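Observations on chain architecture
These are the residues of each chain, in order.
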Amino acid sequence: MNVCKQCNKVYEEKSQFCEQCGDTLVQNTADVFQCDKCYKLFIDSEFCPNDGRQLKIYKRNLESNQIEIRNVEQYTVQIATDPMLLDMDEFNNCEPSYTGADSNDFMTYLNENIFHDIESFLDLNESNLKESTKDVLWHLQDHPNEDDVIYDSRNKYGNMWRELGKTNPDFRKNGGFETLETTQNN
Ligand SMILES: [Zn+2]
Ligand SMILES: [Zn+2]
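Since this is a predicted model, take the numbers as computed values, not measurements.

The rules behind these values
Residues numbered from 1 in each chain as written. Chains lettered and ligands numbered in written order. Predicted model: local features only at pLDDT ≥ 70, side-chain atom pairs only at ≥ 80, totals over all residues. Helix = DSSP H or I, 4+ residues; strand = E, 2+ residues; numbered from the N terminus. Rg over C-alpha atoms; globule rule 2.2 N^0.38 Å. Domains from an automatic or database assignment. Buried ≥ 20, exposed ≤ 12 C-beta atoms within 10 Å, placed from the backbone. Contact = placed C-beta atoms within 7 Å.

**Quick notes on the overall build of the protein chain**
Across its full length, the protein chain holds 3 helices and 11 strands. Mapped from its N terminus to its C terminus, the protein chain presents α and β elements in the order β-β-β-β-β-β-β-β-α-α-α-β-β-β. For a compact globule of 186 residues, the expected C-alpha radius of gyration is about 16 Å, and the protein chain comes in at 28 Å, more than 25% above that figure. By principal-axis analysis of the C-alpha atoms, the protein chain measures approximately 75 × 45 × 25 Å.

Here it is in structure tokens:
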């Protein structure tokens, strides 16, 4: 990476001059920070000059005796809608018609005929269903509200661990961090 020492802006290796002030760029030796709003990179700045956002570490130039440490936590949150009422008999008159006998048959019927394209099923059965049933089917297309938590694993047990490593933008799926050592599953 090359940088403009005057504007603190970071450029690709191939750039030679700053687009903003025209200064000659120099090879970067400082820590690089990123704005999580405009994604621009800067050195020696705490806030983004474009939008004032606090910058986050993107890549640190570590001495050979330096390393970075972080806490990591993993948890599961389950959310659900309120239960909605269905009469299974009502689907006997639908197209295609339901002919099963129990909840297991009914789930198979819903899975095979309705869930993959609820709107088409509703169009086809406009006159075969009660308004309240149509409402239920419409609502099944929505995701549960994120506030409607039915289970949060943090209430049962903690699952946090510690990692040593280096900030490294190549490891994007790991939060831009290259994990060298971890206490997970120890
Ligand atoms: Zn510049
Ligand atoms: Zn920004």
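**Looking at the domain arrangement of the protein chain**
When the domains of the protein chain are assigned, the result is domain 1 (2-68 + 166-182) and domain 2 (75-158). The gap between the C-alpha centroids of domain 1 and domain 2 is 48 Å.

**Brief notes about unusual backbone geometry**
Between E95 and P96 the backbone carries a cis peptide bond, its omega angle lying at -5°. By the secondary structure assignment, P96 is in the loop between β8 (77-79) and α1 (103-113). Despite not being glycine, Y39 shows a phi value in the positive range, around 65°. Mapped onto the elements of the fold, Y39 is located in the loop between β4 (32-34) and β5 (41-43). Even without a glycine there, the phi angle at D44 is positive, about 50°. Here D44 shows up in the loop between β5 and β6 (56-59).

**A look at the environment of S45**
If you trace the backbone, S45 turns up in the loop between β5 and β6. Since 15 C-beta atoms lie within 10 Å of it, S45 is described here as partly exposed. For the pair S45 and G158, spaced 113 residues apart in the sequence, the C-alpha separation amounts to 36 Å. In contact with S45, other than residues within four places in its own chain, are N8, F33 and L55.

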